[in-house]
Amino acid sequence: MSPFDDAFGPDFGPADGPAPPPLTMEERAGVLDDLAELEVFRTLLEPTGIKGIVVDCPDCEEEHHVDWALMQANLRQLLDEGQTGRHEPPFDPNPDDYVSWDYASGYADGIAALAERDEPSGGRTGRHARDD
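Residues numbered from 1 in each chain as written. Predicted model: local features only at pLDDT ≥ 70, side-chain atom pairs only at ≥ 80, totals over all residues. Heavy atoms only, no water.

The name an unreviewed UniProt entry gives the chain is DUF5319 family protein, with Blastococcus carthaginiensis as the organism.

In terms of strand pairing, strand 1 (residues 52–56) meets strand 2 (residues 63–67) through five bridges, oriented antiparallel. Within strand 2, the position partnered with I53 by the bridge is V66. Hairpin connection of strand 1 to strand 2: six residues between the antiparallel strands, including E61 at a positive phi of 55°. (Pairing = 2+ DSSP bridges. Helix = DSSP H or I, 4+ residues; strand = E, 2+ residues; numbered from the N terminus.)

Once that is clear, we can look at the packing of aromatic side chains. Any pair of aromatic rings gets described here by the distance separating the centres and the angle formed by the planes. One pass over the full model with this rule turns up two aromatic pairs. On the numbers, 5.1 Å between centres and 75° between planes, the contact of F41 with W101 is edge-to-face. With a gap of 60 residues between them, F41 in helix 1 (residues 25–45) and W101 in helix 3 (residues 101–118) connect regions that are remote in the sequence. The pair formed by F41 and W101 is uniform in burial state, with each residue classed as buried. Centre to centre, the rings of Y103 and Y107 are 6.3 Å apart; their planes meet at 20°, and the pair counts as stacked. Taken together, the residues span about one helical turn, with Y103 and Y107 both in helix 3 at a distance of four residues. Its relative accessible area of 46% is what places Y103 among the partly exposed residues. By relative accessible area, which is 28% here, Y107 ends up partly exposed. (Phe/Tyr/Trp six-rings, centres within 6.5 Å; stacked < 30°, edge-to-face > 60°. Buried < 20%, exposed > 50% of the residue type's maximum accessible area, 1.4 Å probe, protein only.)

Attention now goes to helix 3. Across its 18 residues, helix 3 extends 26 Å between first and last C-alpha, which sits within 8% of the 26 Å expected from 1.5 Å per residue. Those residues of helix 3 that sit buried are W101, A104, S105, A108, D109 and E116. Buried positions in helix 3, seen along its axis, are confined to an arc of 135° and lie on one side of it. In this structure, helix 3 carries R117 and D118 as exposed residues pointing more than 90 degrees from its buried face. (Expected span 1.5 Å × (residues − 1). Arc of directions from axis to C-beta.)

Given below as structure tokens:
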């Protein structure tokens, strides 16, 4: 599940209506975790040619391709304002250049598992990127 599953209206922005209530401490912690995880994803995937995250929009039932910087800006805005603004998606993106949040998380977990396996000390196993 991505951090934006319920945050966007039909134009890849917040739905019209009253301002959302401030984020709870638990929600803020989740967004901060997402920001940290996003940085890991970008560090690992950007050098391979991946440009960002693909988000399934429940309102328009389409995929939105969000580059790394815009996803980071969206998360920061969500943290600061409790919602995200409308953003113009990229023109004619190549779907092969974007991955889902779940894919990025699995990729990061796989890289971490390989690194732990290769450590002489044996390291811990079975950890998720968010367990740090």
